[in-house]
Amino acid sequence: MKRFTTFAFSALLALAFSGPSVQAQQVTININTPSWGPSAPAGSQYYYIPEVGGYYDLRDQNYVVERQGKWQRLKSISGYAPSSFHPVVIDYRGAQPWVQIGRHRQLYPVALPPGQVKRLQNGKGLPPGQAKKLYGGNGHGKGKGKH
């Protein structure tokens, strides 16, 4: 009887460990950036596009722009040539990138040249004379200089 019990226990143990195995599977999503945009690090979801004051969703391949006070997803934007865009990869994942629109508009103004975007991201600020070009001014303000 002892032999039968040992055999039965061994059989149960073998069944327990040889049952259907569960394997974790990893899903990889390849995101192809559009020809007009910069390469994006893995996991990136959006470009901010200063020229339209909106976004491009890399996963869904559509634009996210504000029209008549509401954010809309569009396949194309009339009146714009994507080749003239200066998109910036932003660090946001989710369905509402516009929650940071004020910050993005401040960091990436429309008139800012592409090389300057990198300087602002690194906290270096504007080079001498660039502020006048971007924000106007002729150097004859109300300071203590010559009149």
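All right, on to the sheet that holds strand β2 (residues 54-57) then. Pairing is antiparallel in the open sheet, where five strands are placed in the order β4-β3-β2-β1-β5. Each edge of the sheet is formed by a strand with only one pairing partner; in this case those strands are β4 (70-74) and β5 (88-90). With strand direction ignored, the average angle separating the axes of adjacent strands in the sheet is 30°. Direction of pairing for strand β1 (residues 46-49) relative to β5: antiparallel, over a ladder of three bridges. From the neighbouring strand, Y48 faces β5, where its bridge partner is V88.

Attention now moves to the pattern of salt bridges. Taken as a whole and assessed by the stated rule, the structure comprises two salt bridges. Between D91 and R93 there is a salt bridge, with its nearest N and O atoms 2.9 Å apart. The class for R93 is partly exposed, based on a relative accessible area of 47%.

Neither face of β1 is open: one carries Y46 and Y48, the other Y47 and I49, and all of them are buried. In this sheet, β2 lies alongside β1 in antiparallel orientation, the contact comprising four bridges. Bridge pairing in β2 places Y46 opposite D57. Here β1 hands over to β2 after four residues, with G53 in that stretch at a positive phi of 60°.

Parameters and conventions
- Residues numbered from 1 in each chain as written.
- Predicted model: local features only at pLDDT ≥ 70, side-chain atom pairs only at ≥ 80, totals over all residues.
- Heavy atoms only, no water.
- Pairing = 2+ DSSP bridges.
- Helix = DSSP H or I, 4+ residues; strand = E, 2+ residues; numbered from the N terminus.
- Axes fitted to C-alpha atoms, helices over the stretch in contact; angles between N-to-C directions.
- Salt bridge = Lys/Arg side-chain N within 4 Å of Asp/Glu carboxyl O.
- Buried < 20%, exposed > 50% of the residue type's maximum accessible area, 1.4 Å probe, protein only.

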